[in-house]
Amino acid sequence: QVQLVESGGGLVQTGGSLRLSCTASGRTFSNYGMGWFRQAPGKEREFVVAISPSGGSTFYADSVKGRFTISRDNAKNTVYLQMNSLKPEDTAVYYCAAGPYFLRTRASDYAYWGQGTQVTVSS
């Protein structure tokens, strides 16, 4: 089992920045590919970005490419999502997820999920 806890969400104006954190406990964090997903009200959960277990490879959704940056610190069992140039359409609950595969975009490929953190971008 892996337990994931997100933090860092909040309210920010258009163009602002936030950094989300996701800290893991349980099994060896460095064995898992990690991903961030988001879900806006009335919409399906969508892929945002994924990172390989070593942190050496990443894959971004087109909607966030160039604005968001994922990173991980395996010594701290934490993955980060730096979000810059935020837009109102980025408003959603953001979830981190862990899974045995690398750089997957489907939610079904991830075995463990955090509880989510709300990000609200005001116009």
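Structure shown above.
A brief look at the structure comes next. (Residues numbered from 1 in each chain as written. Predicted model: local features only at pLDDT ≥ 70, side-chain atom pairs only at ≥ 80, totals over all residues. Heavy atoms only, no water.)

**Remarks on the overall build of the protein chain**
Here comes step 1: Secondary structure assignment for the protein chain yields 0 helices and 11 strands.
Here comes step 2: Going from the N terminus to the C terminus, the protein chain shows its helices and strands as β-β-β-β-β-β-β-β-β-β-β.
Here comes step 3: For the protein chain, whose C-alpha radius of gyration is 13 Å, the value lies close to the compact-globule estimate of 14 Å for 123 residues.
Here comes step 4: Overall, the C-alpha framework of the protein chain stretches about 40 × 25 × 25 Å when taken along its three principal axes.
Here comes step 5: Summed over its atoms, the accessible surface of the protein chain is roughly 6,100 Å², and 47% of this surface lies on carbon and sulfur atoms.
Here comes step 6: For the protein chain, the separation between the mean place of its 12 positive charges and that of its 8 negative charges on side chains is 4 Å. (Helix = DSSP H or I, 4+ residues; strand = E, 2+ residues; numbered from the N terminus. Rg over C-alpha atoms; globule rule 2.2 N^0.38 Å. Areas by Shrake-Rupley, 256 points an atom, 1.4 Å probe, with all protein chains shown as cover. Lys, Arg positive; Asp, Glu negative; His and termini not counted. Charge placed at Lys NZ, Arg CZ, Asp CG, Glu CD.)

**Observations concerning the nonpolar core**
Here comes step 1: If you look at the biggest cluster of nonpolar residues, it comprises 36 residues, and the most contacted ones within it are L4, M34, W36, F68, L81, M83 and Y94.
Here comes step 2: Secondary-structure elements contributing two or more residues to this core are β1 (2-7), β3 (18-26), β4 (33-39), β5 (46-51), β7 (68-73), β8 (78-83), β9 (92-99) and β11 (117-122).
Here comes step 3: Not counting the four nearest positions on each side in its chain, L4 is found in contact with C22, T23, A24, M34, C96, A97, A98, Y112, W113, G114 and Q115. (Core = buried A, V, L, I, M, F, W, Y, C linked by side-chain atoms within 4.5 Å. Buried < 20%, exposed > 50% of the residue type's maximum accessible area, 1.4 Å probe, protein only. Contact = heavy atoms within 4.5 Å.)

**Comments concerning the environment of L4**
Here comes step 1: For L4, the position within the fold is in strand β1.
Here comes step 2: For the pair formed by L4 and T91, sequence separation is 87 residues and the distance between their alpha carbons is 21 Å.

**A look at the pattern of salt bridges**
Here comes step 1: With the rule as written, the count across this model stands at 6 salt bridges.
Here comes step 2: With a closest N to O distance of 2.7 Å, R67 and D90 form a salt bridge. Here R67 is found in the loop between β6 (58-60) and β7, whereas its partner D90 is found in the loop between β8 and β9, with 23 residues between them in sequence. Accessibility classification places R67 together with D90 in one group, the buried group. (Salt bridge = Lys/Arg side-chain N within 4 Å of Asp/Glu carboxyl O.)

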